[in-house]
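The residues making up each chain are set out below.
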Amino acid sequence: MKKTEQEWRQQLTEEQYRVTRQKGTEYPFSGSLLHNKATGCYHCICCQQPLFDSADKFDSGCGWPSFSKAIKGQVKYEKDHSHGMNRIEILCQHCDAHLGHVFDDGPAPTGQRYCVNSVSLLFNADVKISAE
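Residues numbered from 1 in each chain as written. Predicted model: local features only at pLDDT ≥ 70, side-chain atom pairs only at ≥ 80, totals over all residues. Heavy atoms only, no water.

Looking at an unreviewed UniProt entry, the protein carries the name Peptide methionine sulfoxide reductase MsrB, with the source organism given as Rheinheimera tangshanensis. According to its UniProt record, the protein has this under Catalytic activity (unreviewed entry): "L-methionyl-[protein] + [thioredoxin]-disulfide + H2O = L-methionyl-(R)-S-oxide-[protein] + [thioredoxin]-dithiol". (UniProt positions renumbered as here; feature names shortened; annotations may be inferred.)

Structure, rendered in structure tokens:
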């Protein structure tokens, strides 16, 4: 999905733009979806592609919504060496929106924790997609 920076700025709020297009981070424990326990699907705020199933969401205590896996083929991974750290950035496969990072300290069976900014997600309670 190709859009100009002006088109993204028109579509997104200032905070959504800062996080998804400029690789920002929302403050921990501030996201509207952090404590969401409803059943449904989490979509990219920029392009509405499905990214995470609510069945894979868990409370990691880190301050951001956490998932044990992404919906297959919907997230891409890039090395991130910013801020003096070595991390794996997660982005929307369809529009390159910055979502957050993935860490190897999650629950079984995947052992992964997808740490995602609430502001990069749109929750849809009417959709249920298996992440398998």
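There's more to say after this.
### Some remarks on the overall build of the protein
Regarding its fold elements, the protein presents two helices and nine strands. Ordering the α and β elements of the protein from the N terminus gives α-α-β-β-β-β-β-β-β-β-β. For 132 residues, the compact-globule estimate of 2.2 N^0.38 gives 14 Å, and the C-alpha radius of gyration of the protein, at 14 Å, lies within 12% of that figure. C-alpha extents for the protein along the principal axes are approximately 40 × 40 × 30 Å. Within the protein, buried positions represent 46% of all 132 residues. Partitioning the intrachain contacts of the protein with sequence separation of at least 6 by distance along the chain shows that 55% fall at a separation of at least 24. (Helix = DSSP H or I, 4+ residues; strand = E, 2+ residues; numbered from the N terminus. Rg over C-alpha atoms; globule rule 2.2 N^0.38 Å. Buried < 20%, exposed > 50% of the residue type's maximum accessible area, 1.4 Å probe, protein only. Contact = heavy atoms within 4.5 Å.)

### Digging into the sheet that holds strand β7 (residues 98-103)
Remark on secondary structure: sheet strands pair via backbone hydrogen bonds, oriented parallel or antiparallel. Pairing is antiparallel across the open sheet formed by six strands, whose spatial order is β3-β4-β8-β7-β6-β5. At either margin of the open sheet sits one strand with a lone partner, and together these are β3 (57-58) and β5 (75-80). Both β7 and strand β8 (residues 113-116) contribute to a ladder of four bridges, which runs antiparallel. Among the inter-strand pairings, histidine 101 is bridged to a residue of β8, identified as cysteine 115. (Pairing = 2+ DSSP bridges.)

### Regarding the UniProt feature "domain: MsrB" (unreviewed entry) in the protein
According to UniProt, the positions carrying the feature "domain: MsrB" (unreviewed entry) are residues 5-126. Here residues 5-126 runs as 11% helix and 31% strand, with 31 Å between its end C-alpha atoms.

### Comments concerning the pattern of salt bridges
Throughout the structure, instances matching the rule amount to five salt bridges. Note that glutamate 89 and lysine 23 form a salt bridge whose closest N and O atoms lie 2.8 Å from each other. Of this pair, glutamate 89 sits in strand β6 (residues 87-92) while lysine 23 sits in the loop between α2 (14-20) and β1 (41-44), and the two are 66 residues apart along the sequence. When its relative accessible area of 4% is taken as the criterion, glutamate 89 is described as buried. A residue is classified by how much of its surface remains accessible, and lysine 23, at 46% relative accessible area, is partly exposed. The salt bridge partner of aspartate 96 is lysine 76, with a shortest N-O separation of 2.4 Å. Here lysine 76 lies in strand β5 and aspartate 96 lies in the loop between β6 and β7, a separation of 20 residues in the sequence. Of the residues examined, lysine 76 reaches a relative accessible area of 23% and is grouped as partly exposed. (Salt bridge = Lys/Arg side-chain N within 4 Å of Asp/Glu carboxyl O.)

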